[in-house]
Amino acid sequence: MRWLVLAFILIPSTEIALLIYSGKTLGVFPTIALLFLTGIGGAYLAKRQGFKAWHDLQTRMRTMETPGNALIDSVCIFMGGILLIIPGFITDLIGLLLLFPGPRNLVRPFILRWLYKKMQKGNIIIR
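Since the structure is predicted, the reported quantities are computational estimates derived from the model, not experimental observations.

**Some words on the pattern of salt bridges**
Pairing between side chains becomes possible if they bear opposite charge and their charged atoms approach one another.
And then number 1: In total, this model carries three salt bridges according to the counting rule given.
And then number 2: Measuring nitrogen to oxygen at the nearest pair gives 3.3 Å for the salt bridge that ties R104 to D73. Residue R104 is located in helix α5 (residues 101-121), and its partner D73 is located in helix α3 (residues 68-85); the two are separated by 31 residues in the primary sequence.
And then number 3: Looking at R104, the relative accessible area reads 5%, which means it is buried.
And then number 4: Residue class for D73 comes out buried when judged on its relative accessible area of 14%.
And then number 5: Between R108 and D73 there is a salt bridge, with its nearest N and O atoms 2.6 Å apart.

**Focus: the layout of surface pockets**
And then number 1: Quantified by volume, the largest pocket comes out at close to 1,000 Å³.
And then number 2: Lining the largest pocket we find 29 residues, and of these W3, M79, L83, L98 and I111 sit closest to its centre.
And then number 3: Elements represented by at least two residues in the lining of the largest pocket include exactly α1 (2-25), α3, α4 (89-99) and α5.
And then number 4: Considering each element in turn, the lining of the largest pocket owes the most residues, eight residues, to α3.
And then number 5: For the lining of the largest pocket, a count of residues per class yields 26 nonpolar, two polar and one charged.

Calculation notes
- Residues numbered from 1 in each chain as written.
- Predicted model: local features only at pLDDT ≥ 70, side-chain atom pairs only at ≥ 80, totals over all residues.
- Heavy atoms only, no water.
- Salt bridge = Lys/Arg side-chain N within 4 Å of Asp/Glu carboxyl O.
- Helix = DSSP H or I, 4+ residues; strand = E, 2+ residues; numbered from the N terminus.
- Buried < 20%, exposed > 50% of the residue type's maximum accessible area, 1.4 Å probe, protein only.
- 1 Å grid on protein atoms, 1.4 Å probe; cavity = no way out; pocket = protein on both sides within 12 Å on 5 of 7 lines; lining within 4 Å.
- Points joined across faces, edges and corners; volume = space filled by probe spheres on them.
- Nonpolar A, V, L, I, M, F, W, Y, C, P; charged D, E, K, R; others polar.

Spelled out as structure tokens, the structure:
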């Protein structure tokens, strides 16, 4: 829980510092344009990758396969899309990384380990 409070303090303050620095270095209008471009481009990529993950998830369910990786990919794409909507360079970078398969493959083992620990503790029950 402490890391969550720390994240709510560190991430916005770092985002504000980067936006101020970018505004001084690039100028106000280029910084705002950059934020709009990453938001619009990220939303487009999230929509495209989301449809692909949704199709993969439906295909797996239709063939009675476990949706494992497709489900985790869908959650990662959803989180990436949300992070891209939030204005700031750090959240945009993390959001973009979650949209592409390569970085998602690096994050997936951590998510699986986290889910496994939650299941062992009884916080998540699958029936």
